[in-house]
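Structural overview for review
Residue-level listing of the chains:
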Amino acid sequence: MSDLHFDNRFVRELPGDPSRENVVRQVHGALWSPVEPDPVAAPRVLAVSREMLETLGLDASDAATPEFAAIFGGNALLTGMQPYASNYGGHQFGHWAGQLGDGRAITLGETVNKAGERWELQLKGAGRTPYSRTADGRAVLRSSIREFLCSEAMHHLGVPTTRALSLVATGEDVVRDMFYDGHAAPEPGAVVCRVAPSFIRFGHFELPASRGDIDLLRQLVEFCIRRDFPHLDPDAPDVVSSWFGEICERTAVMIGHWMRVGFVHGVMNTDNMSILGLTIDYGPYGWIDNYDPDWTPNTTDAQRRRYRFGQQPAVAYWNLGRLASALAAMDPDVAPLQAGLARYVDAYERTERDNAVGKLGLGEFREGDLDLVDSLQQWMRETEVDITLFFRGLIDVDPVSPDLAPLDNAYYDDAKREAGLPALREWLARYAARLADGPSPEQRREQMRRANPRYVPRNYVVQQVIDRATAGDASGIEELLDVMRHPYDDQPGREAFAQRRPDWARHKAGCSMLSCSS
Ligand code: AMP
Ligand code: MG
């Protein structure tokens with residue numbers, strides 16, 4: 001562990017809160033407040049990511065030490081760590097919410113590994129900070145398992161994401177009202193160590209802009225360009241414009257991946273948008289089972305469904321608009337910001353084309369391919385078809401003489417399946433025509449295998465892991481993580497992880513709906 005070297009640029013180069021008092025307050029003129037993790041009763045490592053250990057220059061023997069549990073449970077610090085909570089604001093569900101900040105996340109420090117990569121280590125659930133408002137600064141085991149597993153699964157799926165190093169049980173209970181129905185109950189607590197090159201969010205820029213603190217805003221922009229976008233020339237006259245354009249493009253790429261794999265973030269507030277275009281803040285997220293663009297797992301959003309699956313590309317654009325408005329406070333010329341937003345639109349269209357080509361194995365994009373995808377998606381929606389099983393099954397369907405058996409396990413409703421058959425055959429005929437002078441069957445299948453995961457961490461599968469862990473057996477966490485290491489491979493013997501959502505899970509909490517209570 002002494003191999004970890006720290007170079008804490010965020011706290012070194014940006015203004016901090018002069019007060020060390022850990023009391024809830026508005027923090028002006030500063031981007032962070034010094035605060036130490038609050039020790040826990042009995043830290044115990046439940047799971048680690050061996051890939052992340054390796055990236056940081058650690059190994060399994062480090063993770064097995066009591067020191068590791070102490071550090072990543074929040075009971076000890078390594079030399080060189082300078083813990084802090086950062087200060088940001090955000091638009092929540094479309095409304096400006098003012099100062100939010102890291103209310104339960106505490107960054108330990110920025111490590112630089114042997115390859116020269118910078119990785120910020122951040123504990124989530126490490127206790128109260130000046131930004132905790134009325135909450136307790138803690139996290140429950142169930143939501144921590146979800147964050148740990150999904151961050152690493154997304155990485156293996158090829159989706160830009162923050163990572164997770166460790167999941168540590170605290171040995172303390174946390175009280176939560178899971179359904180917001182007045183029945184608060186104690187649950188086991190946990191701390192996740194998440195890892196990313198940067199945890200800067202759109203909301204970090206919005207807060208100083210909202211307060212008219214242009215000087216602080218400018219310092220943060222310059223810092224972010226220097227540290228997180230080192231390939232940009234910080235002295236170029238149009239650097240802010242290239243930087244914002246790149247943020248737009250990265251955001252588009254991230255959303256394109258979400259749409260490809262069927263991921264619904266659930267709470268796309270601007271405080272949950274990473275400046276690096278990483279998926280960040282795994283809360284009431286979920287995975288599409290039957291293809292339904294109107295679906296959201298977040299019960300808090302069940303009425304308006306602002307953050308439903310099909311709305312994510314538009315919401316990301318809206319969020320970038322909020323970031324642009326904040327940046328406009330520095331410079332009245334908004335043309336470069338508008339150009340950045342246009343870059344989002346272009347980049348997202350590219351991801352749509354790539355997804356169409358990849359998911360259907362079309363070789364190269366042609367005019368009309370988006371229509372082909374659209375009509376398939378419409379059919380999938382009407383027919384209640386499992387998105388993951390359908391596309392994997394389609395790999396084994398020969399569109400010319402269709403034997404539809406490979407699709408058998410993708411349906412949720414027999415009557416709808418029967419009703420949908422003629423339309424499916426029609427669509428397959430169009431698909432066959434498109435493929436006629438396209439890629440070879442083997443090329444098609446190979447391309448599809450790379451774009452369509454066999455395994456995603458399905459909501460009900462993760463819930464089963466959580467139920468087991470809550471009952472004392474945490475081994476399911478690394479078991480599922482191991483399946484998710486190779487999400488595009490068929491893994492004989494592990495078919496159980498790829499089954500469609502069973503009926504009992506359709507309306508069960510944790511499997512189809514989640515509250516923000518975490
Ligand atoms: P989220 O919806 O998880 O993105 O959180 C929104 C804001 O609430 C952030 O400022 C969080 O730090 C804060 N927050 C959420 N849960 C807690 C908690 N248990 N204790 C303190 N702050 C929290
Ligand atoms: Mg958040």
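Residues numbered from 1 in each chain as written. Chains lettered and ligands numbered in written order. Predicted model: local features only at pLDDT ≥ 70, side-chain atom pairs only at ≥ 80, totals over all residues. Heavy atoms only, no water.

1. What about the overall build of the protein?
- When helices and strands are tallied, the protein shows 16 helices and 11 strands.
- Against the 2.2 N^0.38 benchmark of 24 Å for 518 residues, the protein shows a C-alpha radius of gyration of 23 Å, consistent with a compact globule.
- With respect to the three principal axes, the spread of C-alpha positions in the protein is 70 × 60 × 50 Å.
- Looking at the protein residue by residue over its 518 residues, the buried ones come to 58%. (Helix = DSSP H or I, 4+ residues; strand = E, 2+ residues; numbered from the N terminus. Rg over C-alpha atoms; globule rule 2.2 N^0.38 Å. Buried < 20%, exposed > 50% of the residue type's maximum accessible area, 1.4 Å probe, protein only.)

2. Focus on the coordination of the magnesium ion (ligand 2)
- The protein atoms that coordinate the magnesium ion (ligand 2) are Asn272 (OD1) and Asp281 (OD), at distances of 1.9 to 2.2 Å.
- By relative accessible area, which is 10% here, asparagine 272 ends up buried.
- Look at aspartate 281 and you get buried, because its relative accessible area is 13%. (Donors = N, O, S within 2.8 Å, 3.2 Å for Na, K, Ca; no water.)

3. Notes on the site of ligand 1
- Surrounding ligand 1, one finds 17 residues, the nearest of these being Gly101, Gly103, Arg133, Gly137 and Asn272.
- Backbone polar atom of arginine 138 to a nitrogen atom of ligand 1: 3.2 Å apart, as the coordinates give it.
- Aspartate 281 is positioned with one of its side-chain polar atoms (N or O) 3.3 Å from an oxygen atom of ligand 1.
- Considered on its own, ligand 1 offers 480 Å² of accessible surface; in the complex 81% of this is hidden by protein. (Near = heavy atom within 4 Å. Polar contact = N/O pair within 3.5 Å; in protein donor to acceptor, adjacent residues only side chain to side chain. Areas by Shrake-Rupley, 256 points an atom, 1.4 Å probe, with all protein chains shown as cover.)

4. What about a negative patch on the surface?
- There is a patch of like negative charges on the surface, built from Asp346, Glu349, Glu352, Glu367, Asp371 and Asp374.
- Its place among the elements puts glutamate 349 in helix H10 (residues 335–360).
- Judged by relative accessible area, glutamate 349 falls into the partly exposed class, the value being 36%. (Patch = residues over 30% accessible without salt bridge, like charges linked within 9 Å, V, L, I, M, F, W, Y side chains within 5 Å. Salt bridge = Lys/Arg side-chain N within 4 Å of Asp/Glu carboxyl O. Lys, Arg positive; Asp, Glu negative; His and termini not counted. Charge placed at Lys NZ, Arg CZ, Asp CG, Glu CD.)

5. Side note on the layout of surface pockets
- The calculated volume of the second largest pocket comes to roughly 450 Å³.
- Lining the second largest pocket are 20 residues, and of these Tyr291, Glu352, Val373, Asp374 and Gln377 lie nearest its centre.
- Among the elements of the structure, helix H8 (239–261), H10, helix H11 (369–383) and helix H12 (387–395) are those that each provide at least two residues to the lining of the second largest pocket.
- Broken down by class, the residue content of the lining of the second largest pocket amounts to 11 nonpolar, 4 polar and 5 charged.
- For the lining of the second largest pocket, the domains that each give at least three residues are domain 2 (228–357) and domain 3 (364–438). (1 Å grid on protein atoms, 1.4 Å probe; cavity = no way out; pocket = protein on both sides within 12 Å on 5 of 7 lines; lining within 4 Å. Points joined across faces, edges and corners; volume = space filled by probe spheres on them. Nonpolar A, V, L, I, M, F, W, Y, C, P; charged D, E, K, R; others polar. Domains from an automatic or database assignment.)

6. Let's talk about the domain arrangement of the protein
- Once the domains are mapped, the protein shows domain 1 (9–202), domain 2 (228–357) and domain 3 (364–438).
- Taking only C-alpha atoms into account, the centre of domain 1 sits 23 Å from that of domain 2.
- Listed as interface residues are 29 residues of domain 1 and, on the opposing side, 39 residues of domain 2.
- When the two sides are added together, the surface that domain 1 and domain 2 hide from each other amounts to roughly 2,800 Å², 60% of it contributed by carbon and sulfur.
- Here domain 1 and domain 2 share 2 salt bridges between them.
- Across the salt bridge formed by arginine 194 and aspartate 281, the nearest N and O atoms sit 2.7 Å from each other.
- Across the domain 1-domain 2 interface, the total number found is 15 residue pairs in polar contact (both at pLDDT 80 or more).
- Contributing elements (two or more residues each) for the side of domain 1 that touches domain 2: strand S4 (89–92), helix H5 (141–157) and strand S9 (185–196).
- The element best represented in the side of domain 1 that touches domain 2 is H5, accounting for 6 residues.
- Residue composition of the side of domain 1 that touches domain 2, by class: 14 nonpolar, 10 polar and 5 charged. (Contact = heavy atoms within 4.5 Å. Buried area = accessible area lost by both parts, 1.4 Å probe.)

7. Points about the side chain of asparagine 290
- Note that asparagine 290 resides in the loop between strand S11 (286–287) and helix H9 (312–328).
- Of the polar contacts made by the side chain of asparagine 290, one reaches the side chain of arginine 501; its length is 3.2 Å.
- Apart from residues no more than four positions distant in its own chain, asparagine 290 is found in contact with Glu384, Val385, Asp386, Tyr412 and Arg501.

8. A closer look at the pattern of salt bridges
- Under the counting rule described, the total for this entry stands at 43 salt bridges.
- Arginine 227 is paired through a salt bridge with glutamate 120; the nearest N and O atoms lie 3.9 Å apart. Pair noted here: arginine 227 is in helix H7 (residues 214–228) and glutamate 120 is in strand S7 (residues 118–124), with a separation of 107 residues, a long-range link. Side by side, arginine 227 and glutamate 120 carry an identical accessibility label, which is buried.
- For the salt bridge of arginine 468 with glutamate 479, the shortest nitrogen-to-oxygen distance reads 3.5 Å.

9. As for helix H16 (residues 475–484)
- Of the residues making up H16, those classed as buried are Gly476, Ile477, Leu480, Leu481, Val483 and Met484. Seen end-on, H16 carries its buried residues on one side only, within an arc spanning 155°.
- Buried-residue contacts for H16 involve strand S2 (44–48), H5, strand S8 (163–176) and helix H15 (459–470). (Arc of directions from axis to C-beta.)

10. What about the packing of H11 against helix H13 (residues 414–435)?
- Remark: H11 packs on H13, axes separated minimally by 10 Å, with the N-to-C direction vectors making an angle of 170°. With respect to each other, H11 and H13 are oriented roughly antiparallel. Judged by the sense of rotation from one axis to the other, the crossing of H11 with H13 is left-handed. On H13, the residues that touch Asp369, Asp371, Leu372, Ser375, Leu376, Trp379, Glu382 and Thr383 of H11 are Lys416, Arg417, Gly420, Ala423, Leu424, Trp427, Arg430, Tyr431 and Arg434.
- For the contact of H11 with H13, the class distribution of residues is 7 nonpolar, 3 polar and 7 charged. (Axes fitted to C-alpha atoms, helices over the stretch in contact; angles between N-to-C directions. Parallel < 35°, antiparallel > 145°, perpendicular 65-115°, else oblique. Left-handed = near helix turned anticlockwise from the far one by under 90°.)

11. Section: the environment of leucine 14
- Here leucine 14 is to be found in the loop between helix H1 (9–13) and strand S1 (32–34).
- Linking leucine 14 and alanine 30, residues 16 residues apart in sequence, is a C-alpha distance of 7.6 Å.

12. Things to note about the side chain of asparagine 269
- Along the polypeptide, asparagine 269 turns up in the loop between strand S10 (263–264) and S11.
- Asparagine 269 sits in the buried class, given a relative accessible area of 2%.
- Beyond its immediate sequence surroundings of up to four residues, asparagine 269 is in contact with His91, Gln92, Phe93, Tyr307 and Asn319.

13. Some points on the packing of aromatic side chains
- As enumerated under the stated definition, the model contains 20 aromatic pairs in all.
- Measuring from centroid to centroid gives 4.6 Å for phenylalanine 68 and phenylalanine 72, while their planes differ by 50°, and the two rings are tilted. With a gap of 4 residues between them, phenylalanine 68 and phenylalanine 72 both fall in helix H4 (residues 66–73), about one helical turn apart. For the pair shown, phenylalanine 68 and phenylalanine 72 are each scored as buried.
- Between phenylalanine 263 and tyrosine 282, the aromatic rings sit 6.1 Å apart at their centres with planes inclined by 65°, giving edge-to-face as the arrangement. Note that phenylalanine 263 is positioned in strand S10 and tyrosine 282 in the loop between S10 and S11, a separation of 19 residues in sequence. (Phe/Tyr/Trp six-rings, centres within 6.5 Å; stacked < 30°, edge-to-face > 60°.)

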